[in-house]
Amino acid sequence: MDEVAVLSRARTPAQLTESRYLREWGLPQGLVDLLAIGLVRDASALGSIGMGRHVSAGSVTEDDIALATLLIPHLQR
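The rules behind each value
- Residues numbered from 1 in each chain as written.
- Predicted model: local features only at pLDDT ≥ 70, side-chain atom pairs only at ≥ 80, totals over all residues.
- Heavy atoms only, no water.
- Helix = DSSP H or I, 4+ residues; strand = E, 2+ residues; numbered from the N terminus.
- Buried < 20%, exposed > 50% of the residue type's maximum accessible area, 1.4 Å probe, protein only.
- Contact = heavy atoms within 4.5 Å.
- Areas by Shrake-Rupley, 256 points an atom, 1.4 Å probe, with all protein chains shown as cover.
- Lys, Arg positive; Asp, Glu negative; His and termini not counted.
- Charge placed at Lys NZ, Arg CZ, Asp CG, Glu CD.
- Pairing = 2+ DSSP bridges.

(A) Region of the structure containing the overall build of the protein chain. Within the protein chain, the secondary structure is distributed over 4 helices and 3 strands. Across the protein chain, helices and strands are ordered from the amino to the carboxyl terminus as β-α-α-α-β-β-α. The principal-axis extents of the C-alpha atoms in the protein chain amount to approximately 35 × 30 × 20 Å. A burial count over the protein chain gives 22% of its 77 residues as buried. Counted over contacts in the protein chain with a minimum sequence separation of 6, partners at least 24 positions apart contribute 60%. Accessible area for the protein chain stands at about 5600 Å²; split by element, carbon and sulfur atoms hold 58% of it. Of note, the protein chain has its 7 positive side-chain charges centred 5 Å away from the centre of its 9 negative side-chain charges.

In structure tokens:
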């Protein structure tokens with residue numbers, strides 16, 4: 001919950017191409033990477049915020065992760 005999740009770091013390129021959702025919707029939209037932050041998780045709810053990266057912006061970088069990490073405590077409040 002206190003870490004940024006990045007799709008390109010959690011899956012290999014081969015695993016990404018196996019995803020029907022990514023193949024049929026994400027790639028045609030120009031999405032190349034996703035970054036997600038967990039907001040809440042308890043017995044009755046799960047919440048997160050996700051941000052997609054367009055091919056023109058490239059994959060999520062270390063700087064992007066560092067900046068998103070600064071947002072975590074504020075978004076979880």
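Moving on from the coordinates now.
(B) Molecular detail of the pairing of strand S3 (residues 46-54). Two elements, strand S2 (residues 31-41) and S3, share 9 bridges in a ladder whose sense is antiparallel. Within S3, the residue paired with Ile37 across the bridge is Ile49. In sequence, S2 turns back onto S3 through a hairpin of 4 residues.

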